[in-house]
Amino acid sequence: MISFELTEEQSLVRETVRKFAADELRPVARTTERGGACPRELRGRAAELGLGLLDVPEAQGGAGLGLLGAALVHEELAFGDAGLAIAILGPHAAPAALVELGTPEQAARLLDRLAAPQARGAIAWSESGPGLPLGGFRTTARRDGDDWILDGEKAFVVNGGVAECVVVFAQDAGTTGWSGAGAFVLDGRGEGATAGARCEWLGLEVVHAAPVRLAGVRVPGRDRLAGAGGFVVGAQRMFARIAIANAARQVGLARAAYESALAYTQDRVAFGKVVAHFQAVSFTLAELAMEVDAARWMVWRAAASFDAGAEGALLHAAQAAVQANDAAWRVADHGVQLLGGAGFVQDHLAEKRMRDTKTLALLGPSDQDHLVAASCALGLTEDAGAGLPISALQPVVT
Amino acid sequence: MVDFTLTDKQREVRALIHGFAATVLRPNALAFDRAHCVPDDFLMRLSMMARAFPSGGGDAELPSEYGGQGDSGAKPAAPKKGSQAQRFTLIGAEEMAWGDASILLCMPGPGLGGPPVRFMGTPEQRARFFGVFQTPGLHFGAYGLTEPGAGSDVSGIRTSCRKDGATWVLNGRKCYITNGARADWVVIFATVDPALGRAGQRAFVVERGTPGFSVGKIEEKMGLRASETAELVLEDCRVPEANLLGGEALYAGKEGFMGAMKTFDMTRPLVGVMAVGIARAAFEYTRDFVRENYLLARPLPRYAQLAAMVAEMGRLVDASRLLCWRAAWMADEGMPNAKEASMAKAYAARAAMRVCADAVQVLGAHGLEKHQLVEKWYRDIKVYDIFEGTAQIQRIVIAKRILREVPTW
Ligand SMILES: Cc1cc2nc3c(=O)[nH]c(=O)nc-3n(C[C@H](O)[C@H](O)[C@H](O)COP(=O)(O)OP(=O)(O)OC[C@H]3O[C@@H](n4cnc5c(N)ncnc54)[C@H](O)[C@@H]3O)c2cc1C
């Protein structure tokens, strides 16, 4: 039966995280952005609250919230601050890769590395420089006895260089295209893996990211993840998880932008009138409220479909991502606009949200990737990678 | 006859300024953005080079606030019909903004303070205040209208002015003033009595160093970081009566306020075309990026997606430019152009926002990187939707001129 009602547990999680975000994240959003790092204590606080492996089943050491529960958490955290929402969750996207591409044995064994309170994870997907038109990677994996040897360079890796559990995407030597691609979990930081200079970006500046160079990095054979249904399906499902989490963050960011515009325009007076009472402004506020809600319901539907293993889950994830990216960009933009000059200067967080939302939109598959995935799901087009991000054309942040 | 081609002279000037923008402005844009300022010695060299721009002779000269040698104040207040000054200005400004919008705003000269002095000033005032730009060194003018409590609502300003013998005493605060701290003089709008609304407003030229006139906070901003945005404080600041723009007579009717507003008919298309310059820069950069990856990516449905986005970007740039040109042409022809000026600014700012956001999107993660200009353009462009009248205010200006009955908002 159609219902938007959260379970008691979900409501409780949401309230707890909402309070944490308001009290402990929002007040330090600007200072941590300027400092370019998430304080260790803050990551400790997140761990204390059990904010680690959110959507991983309890049996595998996770919080067992499912994607829907996780989406609630991501929205609230990003409502506090989008950058910190990512930075305080150490495992980042690694669990999605382990769960979707690994066997149950691999997932259980490798997730264990992420269970420690300050543990960090990473997935290294993109590559810079000319890539390959038909997908796949330039980074190679060569067999050596039971092991694999990785060589290449990965770009735009969140937690690159600081993560203890790194999933590297590479091409089996001698193959081309997605079918020859695989995922390899480095042993710790990986001997022979070095991080390059930290990425300096438009937004989400508190998030650490860097390119990672791999020179003869050895990975034991048992740590190659192949995906039960093949690489493409596994990677698609991994990205769907990532996209749903990220879309939830966009909703949180948009809600924050909307609420601050709503408050500001009801205090600000121009032409002898409260600014929010001008039609142009009130209509805009009304539109923003709609955008935020529409995006949230799309995210919830995608998460629920995914959790239920429903058909159409991948399509719903792609749709939710595009909806949320679009909504958040528009709301963040109006969030600046409705503050006038105050929106553009850094006394307020409005301008930060405008930078963060655009950066979030490129964390995980881009809208264009999602649209290709959606058209594939609808049978409108064929694409060997079914919407997997292609570095050559439009690299993404992972 | 309808014609969208440039004259030979305009083409020549455009090519010259374009070369200048590409070789002098563009390569320095990122460093200055990071430093949050444009160094003085760079500005010195820049103004020297700008002096070498051909003036175009006669009416076709580039006014000094936009990098040309311009008029010295001796020129009549309103351009005469058939002049090409506005169109010339727009052509130059687009190229400069294409090079770097922050540096353009830092160009020595009267800046936004120029138009009110030109439109409202007496010949003596024009000569005196523009004269300073003929003397050696770096000189700036500024425009001080916005206050902490009044931005869009110009009639809501609270900075007060009181006549005391041969001087005026000014008290209040101005905020977000471009080049406010470095300006030789700032056109300050104040009121004899807020209850009088627009009729109570006066415009003064307040010179740097005047006792009681000081600089407050310098803002940190999302974009245009190399451009200075300052708070100005007036505390019992005594300004000689000779600095009241246009003299007392000007304020007898509604003319004073109209003077302040008329400024916008000139500056809005200019601000619009600056947005076009930034958007074009982002469009060209993205187009080249996608083209370079074309052969690699040809078979993919994704390529079609990206190509369509780039084509849209190009369309938006061109449509915006035409609206700006139309407003400028009307000004040159001496036609009232308030509606068209607002349309140009509103449309160009919005379209440029879209273009810059899509540029980041098409480039993917490369578009986020701080060592790429696309990231900067995304930050720079937003304020074009805010200053010189927000998007909403432009719509009000337009609505008031298209509706038969004007609603109270
Ligand atoms: C980088 C920068 C440089 C600047 N340079 C200068 C300068 O050199 N000189 C100068 O004087 N000023 C300058 N400004 C100020 C700028 O012109 C103002 O910020 C702008 O006019 C908006 O005013 P405000 O910030 O007070 O916003 P507000 O007027 O408070 O507006 C808040 C919101 O309310 C909306 N609103 C207001 N009235 C109405 C209405 N009637 N109907 C519908 N919506 C309405 C606005 O559109 C906006 O969305 C600068 C600003 C910036 C950011």
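Computed from a predicted model, the values in this text were never measured in an experiment.

Draft legend 1. Highlighting the overall build of chain B. Scanning chain B from N- to C-terminus turns up 12 helices and 7 strands. Counting every position in chain B, which comprises 409 residues, the buried fraction comes to 60%. Put simply, of all contacts in chain B between residues at least 6 apart along the chain, 77% involve residues at least 24 apart. For chain B, the exposed area adds up to about 15,700 Å²; of that, 57% sits on carbon and sulfur atoms.

Draft legend 2. Unusual backbone geometry, seen in detail. One non-glycine residue, Leu204 of chain A, lies in positive phi territory at about 45°. Here Leu204 of chain A shows up in the loop between strand E6 (193-195) and strand E7 (209-220). The residue His36 of chain B is not glycine, and still its phi comes out positive at about 60°. Secondary-structure assignment places His36 of chain B in the loop between helix H1 (8-35) and helix H2 (40-51).

Draft legend 3. Summary view of the nonpolar core. Residues Leu77 of chain A together with Leu170 and Tyr384 of chain B are the most contacted members of the largest nonpolar core, which totals 203 residues. The element best represented in this core is helix H7 (residues 255-292) of chain B, accounting for 15 residues. Sequence-distant contacts of Tyr384 of chain B, that is, excluding residues within four places in its chain, are made with Ala101, Leu224, Val271, Met274, Ala275, Ile278, Lys345 and Ala349 of chain B. Within the second largest apolar cluster, 33 residues are counted, among which are Leu98, Leu110, Leu114 and Phe137 of chain A.

Draft legend 4. Main features of the domain arrangement of chain A. Residue and element names in this part refer to chain A. When its domains are assigned, chain A resolves into domain 1 (8-90), domain 2 (121-225) and domain 3 (231-377). Summing both partners gives a buried area of about 1,000 Å² for domain 2 against domain 3, and 82% of it is carried by carbon and sulfur. Where domain 2 touches domain 3, the interface holds 1 salt bridge. Residues Glu205 and Arg355 are paired through a salt bridge, measuring 3.0 Å at the closest nitrogen-oxygen approach. For the pair domain 2 and domain 3, the interface holds 4 residue pairs in polar contact (both at pLDDT 80 or more). Residue composition of the side of domain 2 that touches domain 3, by class: 11 nonpolar, 2 polar and 1 charged.

Draft legend 5. Looking closely at the interface of chain A and chain B. At the interface, 59 residues of chain A touch 56 residues of chain B. With both chains or domains summed, chain A and chain B bury close to 4,800 Å², and 62% of this area falls on carbon and sulfur atoms. In terms of surface lost to chain B, no three residues of chain A exceed Gln337, Phe344 and Leu393 of chain A, which account for 18% of the buried area on that side. Counting every contact that joins chain A to chain B gives 4 salt bridges. With a closest N to O distance of 2.6 Å, Lys217 of chain B and Asp347 of chain A form a salt bridge.

Draft legend 6. Molecular detail of the state of the cysteines. Residues and elements named next belong to chain B. The tally for this structure, following the rule as stated, stands at 0 disulfides over all chains. Cys161 takes part in no disulfide bond, and the closest cysteine sulfur to it belongs to Cys237, at a distance of 11 Å. On the basis of relative accessible area, Cys161 is assigned to the buried category, the value being 4%.

Draft legend 7. Local environment of helix H3 (residues 40-48) of chain A. Of all the residues in H3 of chain A, the buried ones are Leu42, Arg43, Gly44 and Ala46 of chain A. After H3 of chain A finishes, the residue Gly50 of chain A shows a positive phi value of roughly 80°.

Draft legend 8. Examining the pattern of salt bridges more closely. All names here are of chain A. Using the criterion set out here, one finds 62 salt bridges over all chains in the structure. Salt-bridge contacts for Arg18 lead to Glu76; the nearest nitrogen and oxygen are separated by 3.1 Å. Residue Arg18 is located in helix H1 (residues 8-25), and its partner Glu76 is located in helix H4 (residues 66-80); the two are separated by 58 residues in the primary sequence. Residue class for Arg18 comes out partly exposed when judged on its relative accessible area of 28%.

Draft legend 9. Local environment of a nonpolar patch on the surface. Judged by side-chain polarity, Ile2, Phe4 and Trp297 of chain A come together as a nonpolar surface patch covering roughly 360 Å² of accessible area. Mapped onto the elements, Trp297 of chain A comes out in helix H9 (residues 279-308).

Draft legend 10. View of the site of the ligand. Neighbouring the ligand are 31 residues; Arg268 and Gly341 of chain A together with Tyr143, Ser152 and Thr390 of chain B lie closest to it. One of the backbone nitrogen or oxygen atoms of Tyr176 of chain B is found 2.8 Å away from a nitrogen atom of the ligand. Surface burial for the ligand is 96%, taken as the share of its 980 Å² of free accessible area covered by protein chains. For the shell around the ligand, the secondary-structure elements that each account for two or more residues are H9 and helix H11 (341-344) of chain A together with strand E1 (141-144), strand E3 (167-178) and helix H12 (391-402) of chain B.

Quick notes on the rules
- Residues numbered from 1 in each chain as written.
- Chains lettered and ligands numbered in written order.
- Predicted model: local features only at pLDDT ≥ 70, side-chain atom pairs only at ≥ 80, totals over all residues.
- Heavy atoms only, no water.
- Helix = DSSP H or I, 4+ residues; strand = E, 2+ residues; numbered from the N terminus.
- Buried < 20%, exposed > 50% of the residue type's maximum accessible area, 1.4 Å probe, protein only.
- Contact = heavy atoms within 4.5 Å.
- Areas by Shrake-Rupley, 256 points an atom, 1.4 Å probe, with all protein chains shown as cover.
- Core = buried A, V, L, I, M, F, W, Y, C linked by side-chain atoms within 4.5 Å.
- Domains from an automatic or database assignment.
- Buried area = accessible area lost by both parts, 1.4 Å probe.
- Salt bridge = Lys/Arg side-chain N within 4 Å of Asp/Glu carboxyl O.
- Polar contact = N/O pair within 3.5 Å; in protein donor to acceptor, adjacent residues only side chain to side chain.
- Nonpolar A, V, L, I, M, F, W, Y, C, P; charged D, E, K, R; others polar.
- Disulfide = S-S within 2.5 Å.
- Patch = residues over 30% accessible without salt bridge, like charges linked within 9 Å, V, L, I, M, F, W, Y side chains within 5 Å.
- Near = heavy atom within 4 Å.

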